[in-house]
Amino acid sequence: MEEKNEQIIETADALREDIRRIELEKRKTFGKGIALGALMTLALSLLVFFVIPAAQIKRAQNGLQQIQQTTDSEGTKLLSPAVESKIERLADAIDSLYYEDVDDKDLVDGLYKGLLEGTGDAYSGYYTPEEYESLMVSATSSLSGIGAVLQQDPDTMQVTVVHVYEGSPAEKAGVRGGDSIVQVDDIRSNTMELTELVTHIRGNKGTKVHLKIYRKGEANYLELDVTRDIVDVPTVSGKMLEDDIGYIMIVEFGDKTAEEFADAVTELQAQGMSSMIVDLRDNPGGMIDSVTKILDQILPEGVTVWTEDKYGQKKEYFSDAACLDMPMAVLINGNSASSSEIFAGAIRDYKYGTLIGTKTFGKGIVQSIRRLSDGSAIKLTTAKYFTPNGENIHGEGIKPDIELEYEYLDADAAVYDMMDDNQILKAIEVLKGNSNS
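K.L.:
Which residues make up the side chain of Gln 423, and what are the values?
P.N.:
With respect to the helices, strands and loops of the structure, Gln 423 is situated in helix 13 (residues 422-436). If we ignore the near neighbours within four places in the chain, the residues touching Gln 423 are Arg 281, Leu 331, Ile 356, Gly 357, Leu 404, Glu 405 and Tyr 406.

K.L.:
Account for the sheet that holds strand 15 (residues 328-332), naming residues and giving values.
P.N.:
Taken in spatial order, the 6 strands make up an open sheet running 10-11-12-15-16-19, and their pairing is mixed. In this open sheet, the two edge strands, each paired with only one partner strand, are strand 10 (236-240) and strand 19 (402-403). As paired strands, strand 10 and strand 11 (residues 245-250) are joined by 5 bridges and run antiparallel to one another. Residue pairing across strands places Val 236 opposite Ile 250, the latter belonging to strand 11. Strands strand 10, strand 11 and strand 12 (275-279) of the sheet are contacted by helix 10 (residues 257-270), whose axis makes an angle of about 165° with strand 11. Helix-sheet contacts for helix 12 (residues 339-349) involve strand 12, strand 15 and strand 16 (354-357), and the interaxial angle to strand 15 is about 145°.

K.L.:
So, a nonpolar patch on the surface: which residues are in play, and what are the values?
P.N.:
Together, Ile 87, Val 108, Leu 111 and Tyr 112 line one region of the surface with nonpolar side chains, adding up to about 320 Å² of accessible area. Tallying contributions element by element places helix 6 (residues 104-117) first for the nonpolar patch, with 3 residues. Among the structural elements, Val 108 can be located in helix 6.

K.L.:
Describe the packing of aromatic side chains, naming the residues involved and giving the relevant values.
P.N.:
The tally for this structure, following the rule as stated, stands at 3 aromatic pairs. Residues Trp 306 and Phe 386 carry aromatic rings whose centres are separated by 4.3 Å and whose planes lie at 15° to one another, so their mutual orientation is stacked. Linking Trp 306 in strand 13 (residues 302-308) with Phe 386 in strand 18 (residues 377-386), this pair joins segments that are 80 residues apart in sequence. Overall, Trp 306 belongs to the buried group, its relative accessible area being 13%. The cationic tip of Lys 314 hangs over the ring face of Trp 306; the distance from NZ or CZ to the ring centre is 4.5 Å. Above the plane of the ring of Tyr 123 lies Lys 363, whose end atom (NZ or CZ) is 4.7 Å from the centre.

K.L.:
Quick rundown of the confidence of the model for the protein chain? Include the residues and the values.
P.N.:
With 80% of its residues at a pLDDT of 70 or more, the protein chain shows a mean pLDDT of 84. Overall, residues 1-16 carries pLDDT values under 50, and its contacts beyond four positions in sequence, including any with other chains, amount to 14 contacts.

K.L.:
So what's going on with the pairing of strand 13? Residues and values would help.
P.N.:
With 6 of 7 residues buried, strand 13 is to be regarded as a mostly interior element. Here strand 13 pairs with strand 14 (residues 314-319) via 6 bridges, running antiparallel. Counterpart to Gly 302 in the pairing with strand 14 is Ser 319. Here strand 13 folds back onto strand 14 in antiparallel fashion, the turn holding 5 residues, of which Gly 312 has a positive phi close to 85°. Examined bridge by bridge, strand 13 and strand 18 share 3 bridges and lie antiparallel to one another.

Calculation notes
- Residues numbered from 1 in each chain as written.
- Predicted model: local features only at pLDDT ≥ 70, side-chain atom pairs only at ≥ 80, totals over all residues.
- Heavy atoms only, no water.
- Helix = DSSP H or I, 4+ residues; strand = E, 2+ residues; numbered from the N terminus.
- Contact = heavy atoms within 4.5 Å.
- Pairing = 2+ DSSP bridges.
- Axes fitted to C-alpha atoms, helices over the stretch in contact; angles between N-to-C directions.
- Patch = residues over 30% accessible without salt bridge, like charges linked within 9 Å, V, L, I, M, F, W, Y side chains within 5 Å.
- Areas by Shrake-Rupley, 256 points an atom, 1.4 Å probe, with all protein chains shown as cover.
- Salt bridge = Lys/Arg side-chain N within 4 Å of Asp/Glu carboxyl O.
- Phe/Tyr/Trp six-rings, centres within 6.5 Å; stacked < 30°, edge-to-face > 60°.
- Buried < 20%, exposed > 50% of the residue type's maximum accessible area, 1.4 Å probe, protein only.
- Lys NZ or Arg CZ within 6 Å of the ring centre and 35° of its normal.
- pLDDT = per-residue confidence, 0-100.

And the structure:
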C-alpha cells in the first residue's frame, strides 16, 4: 500500500511538471488549454483521492483482499459464515468506494432480487411491497395508466406493445400494436422485468409518461408523451360476421375474463351465432384459473390441463359435461403464450376446433405469487403444465393445423378492417366448409 501511495504521489508530481511545460509552451492555444485543465483536474483528483479517504479505502481494500482468500467450498453454501462475511465486505466496499451514497434499503432489496435471479429463471422474481401492490392492481379492471397490453421477451428483455385499447391514452398518443418500447422516461426498458417496468408506466391520472419507441419502417425513434388516465380494461370483445359466424377476441386472461367471455357468447348466440372464431393472437396469457373456466364453458367433460411440480404432485383442471357444440377456429401466433397455449392445446387435443396461424410462443410453466408478512412478495415457477394428452410445450410451442403467416391485404388502408385480415378470412373459409359438410 505504501508503495502504491508513493507511486500516486510520483504520478501527481510528474503531472505538475507536465502542466508547467504545457502552460509555458502552449498558453496561447485555446484547444490546448482544455487539455491543460484536464491534466490539472486529474492531478488534483489523485491528490484528493490519496489524502482524504485513505483510511476508508485501505479498510475496504483489505476486506476485498480477504474475500479472495475464501475457498470455494466455504463460499458457495447459502448463508454460511463465509457468505455473510463476504456480503459485509462488499457492502463496506460500496460504502467506501462507490462514487455516490447508496440507501441500505436498496442494497437489501437488491440482495433479495439477486437471490431469485440466481434460479436462472426469467419468470421468477422478488417484489418490494410497492411493486407487489402495483402487480395486484394490474389484475383489476380499472387502472390509472396508458391502456396497452405489453409483452417482454425473457431472453432479450425487449418490451413489445401487443394490443392498444380503443380510446385509451396510448391510442390517442399514437402508440400502436407491434411497437417496441425502448425507454420509459429515463429507464431503459430492457433493464428490468416487465412487472417492475409497468410500475413506472402507471401513475396518477393526468400525469405524463414519456415513451421512446422503435417502430419498424421508421428511420428514427418515436418520442411520445402519454397522459395517464383511468382505463377500463375489457379483456374480451365480440362481433358477428357473415354466415352466422361469431368472432371473439381475448387479449389476456384476467380475473374477469371468463365472465366477459360467457357474456360475449350469450350475446352472439342471441344474434344467431352457429360457429365461432376465437382470436388469441398476441395474447400473452394470464391466470390459469381464468383460462380453465373458459375451457369448462366450451369443452365436454374431461381434463383440460394438468400441472406437475418437482415432487411429482399433480393438479388437474376439469370441464363438466356442458359444452358449446359448434364448429370453432382458433387464431394463434408467436406471441400467443402461457394460458393462450393452454387454451389452444386443449382445443387441439379434444379435436374441438381448427388452429390457424403460426406456432405459439412456447411457455409451458406455471408461476405462483406468494405474499410475505412484510408486504413484499416472490414469484416462483412452481410447476410445468401439460395438455390433456400429456404434452409439455415449454420451449416448443404449439403448431397450428393450418400454417398461415399474417398478411394484411389492404396495405394502403388507414384503418384496420377485419375483412382484410388473411387469417380471419381463412378461419371464415374453414368454418363455412364445416357448415357445408
